[in-house]
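Given next are the chains, with one letter for each unit.
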Amino acid sequence: MTKLRLAIVGAGPAGIYAADILLKAERKFDVSIDLFDHLPAPYGLVRYGVAPDHPRIKGIITALRDVLDRGDIRIFGNVRFGEDITLDDLKQHYNAVIFATGAIKDADLDIPGIDAAGSFGAADFVSWYDGHPDFPREWPLDAASVAVIGNGNVALDVARVLAKHAADLLVTEIPANVQAGLEASQVTDVHVFGRRGPAQVKFTPLELRELGELRDVDMVVYDEDFDYDEASRAAVASNKQVMVIDRVLQSWRQRPGVNNAGGEASRRLHLHFWAKPVEVKTDETGRVAALVYERTRPDAEGGVVGTGELREVPIQQLYRAVGYFGSPLPGVPFDKKHGVIPNHEGQVLHKDSNERVPGVYATGWIKRGPVGLIGHTKSDAMETISHLINDQASWWQPADPSVEAIPALLASRGVAWTDLDGWHRLDEHEVALGAPHERARIKVVDRDEMVRVSRGE
Ligand SMILES: Cc1cc2nc3c(=O)[nH]c(=O)nc-3n(C[C@H](O)[C@H](O)[C@H](O)COP(=O)(O)OP(=O)(O)OC[C@H]3O[C@@H](n4cnc5c(N)ncnc54)[C@H](O)[C@@H]3O)c2cc1C
Ligand SMILES: NC(=O)c1ccc[n+]([C@@H]2O[C@H](COP(=O)([O-])OP(=O)(O)OC[C@H]3O[C@@H](n4cnc5c(N)ncnc54)[C@H](OP(=O)(O)O)[C@@H]3O)[C@@H](O)[C@H]2O)c1
């Protein structure tokens, strides 16, 4: 029987679902899959993006782990595609590759002052509080007043983690350095800015409602933002999600002492709509001192136009949460404008000619762009896998498809890779670190330590 030796690069949900779907699919060939990730732990943004105070979503890891634990997928963690292993290597040893490398960087926000000291990307902050090994351990939470730009779920995650008291995050899996950083936070006011109105936000009702439940944090909304135009009214009336969001916001407007003013709490979370960022002003030392924004108004089609009215809010830190962006992979076509691998339904295309690149596939955020939930990566994977199965005639013909070839190659390059048993060891180690403190786990952040624990060294 023909055999498909498949490499998948990226052990986030997209890569793991792709492996699972292929192994369960009806097909006329045997399959063996090697899953590579540059991190020593699998699960991508489920481990390093989903907020630590969302344990139910983190629980998706259990389903992903079940796929890996079936035992028919080999894992090579701590292996970076482009450095430890290349596309030419993969062609020597596999019939095809699926890239599922997601996105970890922040999209740019092109306004003056955005590079000032105290101005950060939300993705970097998320990586810090989720204990990603490749980000600095220290985060200076020394600002009283902070701006978060964007009206997506990442903006709400960041605003919530900033506003929440550290003690209320303790039950979660946050690493010790993050706990210490959050405990030292000086924050009193978190201002979230959306360039459109309440009926055009990208965040979801559950995540919005959660803000109103934070202990000792008052929600502040502004009456002037709720003067809806026809398009906004129609959106509220016709879209259940928008309707619920509007209902939650309206309920906050009714809270005594909260609307426009703030109540008794020691921290406030302000939601500003119709506010397009224009400039980050700095003080004499070059640090963030204020955000200048322009009031916008609806253009009747769901978009906005500037009103010319500029306003300024004093802040000492700013987080841009205006979307993530994929990174190019050596030797693999890349669409610089959209931050994705150019593809047709997961079949990778040459950048200029739009012709197929045989044997090369993509799935998840690097295929589709950085939008959508974990569940969406499943339908993505189905589409990509169905092409892979039907494309048998154009698979690579590897010179050495033996299963020993890859461990030998990595060993010859001095790569300290980790495997599934290693992940189990790290997993148990983290759970044991949490147990005396009645916490689900405490994450290990240092990459060398992760590798040492995984390899039992
Ligand atoms: C802050 C944040 C919070 C989120 N919260 C939720 C939520 O609560 N609920 C929900 O449903 N969705 C949530 N999402 C969306 C969800 O995380 C994504 O839909 C999903 O993770 C995308 O999966 P992916 O596998 O394509 O990418 P990723 O999860 O990013 O996985 C990509 C993997 O590829 C690896 N990789 C990258 N480059 C290389 C390389 N060169 N060599 C080897 N390996 C590499 C990475 O280490 C990573 O493990 C959130 C997203 C973010 C950003
Ligand atoms: N709890 C959860 O379920 C959860 C948590 C986190 C993330 N996620 C998912 O992960 C995906 C990514 O989330 P995300 O928040 O990064 O992206 P997103 O949903 O696309 O939101 C990006 C936000 O940035 C704004 N924006 C973009 N460019 C801007 C600019 N130049 N100036 C001002 N604002 C700008 C957008 O406004 P416009 O709409 O006006 O363009 C939008 O409000 C989403 O699908 C999200 O649902 C889910």
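Being a predicted model, the structure only gives us computed values, none of them experimental.

Caption draft 1: Region of interest: the sheet that holds strand β14 (residues 317–320). Taken together, six strands build an open sheet; the order of strands is β6-β14-β7-β8-β10-β9 and the sheet is parallel. With one partner strand each, in any of the chains shown, β6 (119–121) and β9 (217–221) form the two edges of the open sheet. Sheet twist, expressed as the mean angle between neighbouring strand axes with direction ignored, is 20°. Relative to strand β10 (residues 267–272), β9 runs parallel, the two being bridged by five bridges. When the sheet's bridge partners are listed, Val217 is paired in β10 with Arg267. The sheet strands contacting helix α6 (residues 122–129) are β6 and β14, and the helix crosses β6 at an angle near 75°. Most of the contacts of helix α11 (residues 240–254) go to β9, to which it runs at about 105°, and overall it touches β9 and β10.

Caption draft 2: Layout of the site of ligand 2. In the vicinity of ligand 2 lie 21 residues, with Asn151, Arg195, Arg196, Lys202 and Gly372 positioned nearest. Within the side chain of Arg195, one N or O atom sits 2.8 Å away from an oxygen atom of ligand 2. Contact distances for ligand 2 include 2.7 Å between an oxygen atom and a backbone N or O atom of Gly372. Considered on its own, ligand 2 offers 920 Å² of accessible surface; in the complex 80% of this is hidden by protein. Residue contributions to the shell around ligand 2 peak at three residues, all from helix α7 (residues 153–163). Of the residues contributing to the shell around ligand 2, the split by class is ten nonpolar, six polar and five charged. Residues lining the shell around ligand 2 come from more than one domain, with at least three contributed by each of domain 1 (2–104 + 326–417) and domain 2 (105–320).

Caption draft 3: Quick look at helix α4 (residues 60–69). Among the residues of α4, those classed as buried are Ile61, Leu64, Val67 and Leu68. Buried residues of α4, seen end-on, are gathered within an arc of 115° and therefore sit on one face of the element. As for α4, its buried residues are in contact with α1 (13–24), β2 (30–36), α2 (44–48), α3 (55–58), β3 (73–76) and α15 (420–434). A positive backbone phi angle near 95° is found at Gly71, which sits one or two residues after α4.

Caption draft 4: Examining the domain arrangement of the protein more closely. Assigned domains of the protein: these are domain 1 (2–104 + 326–417) and domain 2 (105–320). Listed as interface residues are 15 residues of domain 1 and, on the opposing side, 22 residues of domain 2. Regarding the contact of domain 1 and domain 2, the summed buried area is about 1400 Å², with carbon and sulfur atoms giving 53% of it. Here domain 1 is connected to domain 2 by four salt bridges.

Caption draft 5: Looking closely at the side chain of Asp84. Summarising the element assignment, Asp84 is placed in the loop between β3 and α5 (87–93). In this structure, Asp84 is buried with no salt-bridge partner, the nearest side chain bearing the opposite charge being Arg447 at 7.0 Å. From its side chain, Asp84 meets the backbone nitrogen of Arg80 in a polar contact 2.7 Å long. Filtering out sequence-adjacent residues up to four positions away, Asp84 remains in contact with Asn78, Val79, Asp89, Leu410, Arg413 and Val415.

Caption draft 6: Highlighting the site of ligand 1. Around ligand 1 sit 31 residues in total, of which Ala14, Asp37, Leu45, Phe81 and Trp365 are the nearest. One of the side-chain nitrogen or oxygen atoms of Asp37 is found 2.6 Å away from an oxygen atom of ligand 1. Summarising the interface, the protein chains cover 91% of the accessible area of ligand 1, which totals 1000 Å² for the free molecule. Looking at the shell around ligand 1, the elements with two or more residues in it are α1, α2 and α7. Tallied by class, residues from the shell around ligand 1 come to 18 nonpolar, ten polar and three charged. Both domains that furnish three or more residues to the shell around ligand 1 are identified here as domain 1 (2–104 + 326–417) and domain 2 (105–320).

Caption draft 7: A look at the environment of Thr282. Structurally, the position occupied by Thr282 is in strand β11 (residues 275–282). Classification of Thr282 as partly exposed rests on a relative accessible area of 41%. For the pair Thr282 and Thr62, spaced 220 residues apart in sequence, the C-alpha separation works out to 46 Å. Each residue touching Thr282, except ones within four places of it in the same chain, is listed here: Ala116, Arg287, Val288 and Ala289.

Caption draft 8: Spatial organisation of the nonpolar core. Phe125, Val148, Leu208, Leu269, Leu271 and Tyr319 are the most contacted members of the largest nonpolar core, which totals 56 residues. Two domains each provide a minimum of three residues to this core, namely domain 1 (2–104 + 326–417) and domain 2 (105–320). Not counting the four nearest positions on each side in its chain, Tyr319 is found in contact with Phe120, Phe125, Trp139, Leu141, Val146, Ala147, Val148, Ile149, Val158 and Leu162. Formed by 42 residues, the second largest nonpolar core is a distinct cluster that contains Leu39, Tyr48, Val67 and Ala381.

Reading guide: rules and limits
Residues numbered from 1 in each chain as written. Chains lettered and ligands numbered in written order. Predicted model: local features only at pLDDT ≥ 70, side-chain atom pairs only at ≥ 80, totals over all residues. Heavy atoms only, no water. Pairing = 2+ DSSP bridges. Helix = DSSP H or I, 4+ residues; strand = E, 2+ residues; numbered from the N terminus. Axes fitted to C-alpha atoms, helices over the stretch in contact; angles between N-to-C directions. Contact = heavy atoms within 4.5 Å. Near = heavy atom within 4 Å. Polar contact = N/O pair within 3.5 Å; in protein donor to acceptor, adjacent residues only side chain to side chain. Areas by Shrake-Rupley, 256 points an atom, 1.4 Å probe, with all protein chains shown as cover. Nonpolar A, V, L, I, M, F, W, Y, C, P; charged D, E, K, R; others polar. Domains from an automatic or database assignment. Buried < 20%, exposed > 50% of the residue type's maximum accessible area, 1.4 Å probe, protein only. Arc of directions from axis to C-beta. Buried area = accessible area lost by both parts, 1.4 Å probe. Salt bridge = Lys/Arg side-chain N within 4 Å of Asp/Glu carboxyl O. Lys, Arg positive; Asp, Glu negative; His and termini not counted. Core = buried A, V, L, I, M, F, W, Y, C linked by side-chain atoms within 4.5 Å.

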